[in-house]
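# Fold and contact review
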Amino acid sequence: MRNLIALTSREWKAFWYSPVAYGVGAFFLLMQGWVFWLLVAVLNDPRVDPPWRMSQFFFGGTFFYWLSVLMIAPLLTMRCFSEEKRTGTIEVLLTAPVTNWQVVLAKFFGAWLSYGALWATTAIFFGMLRWLTPLDLGPILSGYLGTWLLGGVLIAVGVLASSMTRNQVIAAVMSFVLILLLFSIGFLDVFVTDPESSKIVQYLSLLDHFRDFSKGIVDSRPIVFYCSVMAIVLFLTVRTLASPRWRA
Amino acid sequence: MNGVIEASNLTKRYETVTALDRISFEVRQGEIMGFLGPNGAGKTTTLRILTGLLAPTEGSVRIDGLDVETHSLEIRQRIGYLPENVSLYPELRVQEYLAYRAKLKGVARSKRRERVFEVMDRCAVSDVRRQLIGRLSRGYRQRVALADCLIGRPSILILDEPTVGLDPHQIRQTRELIKSLGHTTTILLSTHVLPEVEMACHRVTIINKGAIVTVDSPDNLRRRLTGRQVVHVELQGDPSAVEEALKQLAGVARVSRKGELDGFTTFEVEGQAGCDVREAIFQLAVSRRWTLRQLAQVQASLEDVFIHLTTHEKE
């Protein structure tokens, strides 16, 4: 546990020391700022009586939301292992008395917390709204929870991709492709006619699980689903790290 | 076998190359073992296997009696490893980095600061402790990495070319440091620089093309080649007559002509084992009235031994 904390705090710091953090941060804030601006514009328009909740608009209601969620994960995780492999610091890291699980979890938590920190900055939007108008905070909080959990899955995938190559660009592209594949499993539903298989496809869809969160429903099933996907992907990362083929 | 490090039949095969071919060796408690070989001989591969970074294709390593593959974590706790290409996190400051490594290596919080200062002092990096590692010269970085090796007070040090990139002064300091550690710590040190072995090591393992050529002390190695005396003789006289006469001398095994300069001819005379032929050569020159300008015994250096062993003895 002490090792895990030491490693995670090192990852967290390393992220904020790198210029990537600020590029990604700027990109992210631009996207979210725009989404917020759109939200305010829609809410202000007396002709529109939106059939959806505000949280549904902000969390998943726009293209920009998905763009930032899907793009951020590869950018946050691309350096995780690739950078250490390229510079050779991985050798020093892996000869320290730490387990592979500790190393992988630290990389994951470091990126996941950074992702959380980026999203936390958007809380200021709701702070402003709440100052001006009464606000139901429940669905907003569940929206954040869903976004964070979904991000966890994508970041786990990014960490896996990063453990496979010493090139950050390849890591980023690979994780983006994997994320898109994982993400589009749900779209296969269109081609499935058998109702039983359709249920399976829907269950595996990252998107469907997210919808409840943005409506303000916190169900244990999607939480379990997201956490198990993270665990599986991180397990694969540990295996990758342990296999001699990918080492050094 | 009572070695601290025991490697038996280590083999490492990559798809097309065999990097190591059934090598076995042991390093004893408190010993400084030199691992000597030309580039590409398999030194780094061996060291990586010892630290558990690589898994051998065949064979096994036991450190303090524990198998590296099954007790990796305990063994890493006892080893300080300095990799071949030192790389450290460039965005950290020296003291910060060492404190982080101390934490990872399980140094108790109350002792961490003291320990960090102790190793910075030993490795002469105290003066740059507040600098970013990325801004340091190579020599400093090398010594920061060495400080990192020592910070967990390991009982075994595995150093892959510890003096590469240092200036002569720093090289001497590092060697002194290694020597001073040698009393309490078992050290395996790889190098392709011979003086390093001569100055610091108790025993040398010479490795070439993935196989061990020989294991011996530096003194014994030198003796093995100097067992036969080689003398350079430079004198004036009819070269073929001189050569003939030298060959007739008792105890001379071989004579060869090396060159000519201002009427003097140089011969290389090799004596039979255990014979000193210098006196006989002098008496010969006097009796024949040949002017003798040089009579010198050639000291075989470890370098010769090394070249000799890695080029001839293998076949």
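Computed from a prediction, not measured in an experiment: that's the story for all the values here. (Residues numbered from 1 in each chain as written. Chains lettered and ligands numbered in written order. Predicted model: local features only at pLDDT ≥ 70, side-chain atom pairs only at ≥ 80, totals over all residues.)

## Focus: the overall build of chain B
When you go through chain B residue by residue, the secondary structure sums to eleven helices and 14 strands. Seen through its C-alpha atoms, chain B measures out along the principal axes to roughly 80 × 45 × 35 Å. In chain B, the proportion of contacts linking residues at least 24 apart, taken out of those at least 6 apart, comes to 69%. (Helix = DSSP H or I, 4+ residues; strand = E, 2+ residues; numbered from the N terminus. Contact = placed C-beta atoms within 7 Å.)

## A few points about the overall build of chain A
Along its length, chain A carries 13 helices and zero strands. The helix and strand sequence of chain A, counted from the amino end, reads α-α-α-α-α-α-α-α-α-α-α-α-α. Compactness check: chain A gives a C-alpha radius of gyration of 19 Å against a globular reference of 18 Å for 248 residues, within 12% of the reference. Oriented by its inertia axes, the alpha-carbon framework of chain A measures out at about 65 × 50 × 30 Å. By the burial criterion, 42% of the 248 residues in chain A qualify as buried. (Rg over C-alpha atoms; globule rule 2.2 N^0.38 Å. Buried ≥ 20, exposed ≤ 12 C-beta atoms within 10 Å, placed from the backbone.)

## Let's talk about the domain arrangement of chain B
Split into domains, chain B comes out as domain 1 (5-216) and domain 2 (224-300). Computed over C-alpha atoms, the centres of domain 1 of chain B and domain 2 of chain B are 47 Å apart. (Domains from an automatic or database assignment.)

## Here's the deal with the sheet that holds strand 4 (residues 58-63) of chain B
Residue and element names in this part refer to chain B. In space, the four strands of this open sheet follow the order 2-1-4-5, with antiparallel pairing throughout. Of all strands in the sheet, those bounded by a partner on one side alone are strand 2 (18-27) and strand 5 (66-67). Two elements, strand 1 (residues 5-13) and strand 2, share six bridges in a ladder whose sense is antiparallel. For arginine 13, the partnering residue across the bridge sits in strand 2 and is threonine 18. Against the sheet, helix 1 (residues 43-50) contacts strand 1, strand 2 and strand 4, and its axis sits at roughly 120° relative to strand 1. (Pairing = 2+ DSSP bridges. Axes fitted to C-alpha atoms, helices over the stretch in contact; angles between N-to-C directions.)

## Quick notes on the interface of chain A and chain B
Every contact between the two is made by 19 residues of chain A and, on the other side, 19 residues of chain B. Secondary structure elements with two or more residues in the side of chain A that touches chain B: helix 1 (2-17) and helix 6 (89-94) of chain A. Counting residues per element, the side of chain A that touches chain B draws most heavily on helix 1 of chain A, which supplies five residues. Of the residues contributing to the side of chain A that touches chain B, the split by class is ten nonpolar, six polar and three charged. (Nonpolar A, V, L, I, M, F, W, Y, C, P; charged D, E, K, R; others polar.)

## What about the confidence of the model for chain A?
Summarising the model, chain A shows a mean pLDDT of 88, and 98% of its residues fall at 70 or more. Across chain A, the element-wise mean pLDDT spans from 81 in helix 3 (residues 54-58) of chain A up to 94 in helix 7 (residues 100-120) of chain A. (pLDDT = per-residue confidence, 0-100.)

## Focus on the sheet that holds strand 3 (residues 32-36) of chain B
All names here are of chain B. Ordered in space as 6-7-8-3-9-10, the six strands form an open sheet in which the pairing is mixed. Of all the strands in the sheet, the pair left with one neighbour each is strand 6 (79-82) and strand 10 (211-216). With direction set aside, neighbouring strand axes in the sheet form an average angle of 15°. As paired elements, strand 7 (residues 156-160) and strand 8 (residues 186-191) share five bridges and run parallel to each other. When the sheet's bridge partners are listed, leucine 157 is paired in strand 8 with isoleucine 187. Across the face of the sheet, helix 1 comes into contact with strand 3, strand 7, strand 8 and strand 9 (203-208) while running at roughly 150° to strand 7.

## Observations concerning the environment of B:Pro218
With respect to the helices, strands and loops of the structure, B:Pro218 is situated in helix 8 (residues 218-226). As a C-alpha pair, B:Pro218 and B:Val204 span 14 residues in sequence and 6.4 Å in three-dimensional space.

## Quick look at the nonpolar core
Formed by 127 residues in total, the largest nonpolar core has its most connected members in A:Phe108, A:Ile155, A:Ala156 and B:Ala147. Setting aside anything within four residues of it in sequence, one finds A:Ile155 in contact with A:Ala73, A:Leu76, A:Thr77, A:Phe108, A:Ala111, A:Trp112 and A:Tyr115. Listed in part, the ten residues of the second largest apolar core include B:Val233, B:Phe267, B:Val269 and B:Val277. (Core = buried A, V, L, I, M, F, W, Y, C linked by C-beta atoms within 7 Å.)

## Comments concerning the packing of helix 7 of chain A against helix 13 (residues 220-242) of chain A
Residue and element names in this part refer to chain A. For the pair helix 7 and helix 13, the least separation of the axes is 9 Å and the interaxial angle reads 125°. The orientation of helix 7 relative to helix 13 falls into the category oblique. Considering only the axes of helix 7 and helix 13, their crossing is right-handed. Here Asn100, Trp101, Val103, Val104, Leu105 and Phe108 of helix 7 lie close against helix 13, whose contacting residues are Leu234, Thr237, Val238, Leu241 and Ala242. (Parallel < 35°, antiparallel > 145°, perpendicular 65-115°, else oblique. Left-handed = near helix turned anticlockwise from the far one by under 90°.)

## Here we look at the pairing of strand 6 of chain B
Residues and elements named next belong to chain B. Going residue by residue along strand 6, you find Ile79 and Tyr81 tucked away on one face and Gly80 and Leu82 tucked away on the opposite face as well. As judged from the four bridges shared by strand 6 and strand 7, these two strands associate in the parallel manner. Bridging from a neighbouring strand, isoleucine 79 pairs with isoleucine 156 of strand 7.

## Looking at the packing of helix 4 (residues 63-77) of chain A against helix 10 (residues 168-184) of chain A
All names here are of chain A. With their axes 9 Å apart at the nearest point, helix 4 and helix 10 run at an angle of 145° to one another. In the packing of helix 4 onto helix 10, the handedness of the crossing is right-handed. Residue-level contacts link Leu70, Ala73, Pro74, Leu75 and Thr77 of helix 4 to Ala172, Ser175, Phe176, Ile179 and Phe183 of helix 10. Considered class by class, the residues forming the contact of helix 4 with helix 10 number eight nonpolar, two polar and no charged.

## What to know about unusual backbone geometry
All names here are of chain B. One non-glycine residue, asparagine 9, adopts positive backbone phi at about 50°. Relative to the elements of secondary structure, asparagine 9 occurs in strand 1. Overall, asparagine 9 belongs to the partly exposed group, with 13 C-beta atoms counted inside 10 Å. Even without being glycine, arginine 153 reaches a positive phi, approximately 45°. Tracing the backbone shows arginine 153 in the loop between helix 5 (138-151) and strand 7. You can call arginine 153 partly exposed: it has 15 C-beta atoms within 10 Å.

## A short note on helix 13 of chain A
With 23 residues, helix 13 of chain A should reach 33 Å at 1.5 Å per residue; the first-to-last C-alpha distance of 33 Å fits that figure. Taken as a whole, helix 13 of chain A has its buried residues at A:Pro222, A:Tyr226, A:Val229, A:Met230, A:Val233, A:Leu234, A:Thr237, A:Thr240 and A:Leu241. (Expected span 1.5 Å × (residues − 1).)

## Notes on helix 5 of chain B
Residue and element names in this part refer to chain B. Between the first and last C-alpha of helix 5 there are 20 Å, a value that for 14 residues agrees with the 20 Å anticipated at 1.5 Å per step. Of all 14 residues in helix 5, 13 are buried, a share of seventy percent or more. At the C-terminal side of helix 5, arginine 153 shows a positive phi close to 45°.

## Section: the pairing of strand 10 of chain B
Where strand 9 of chain B and strand 10 of chain B come together, five bridges link them in antiparallel fashion. Bridging across to strand 10 of chain B, B:Val204 finds its partner in B:Asp216.

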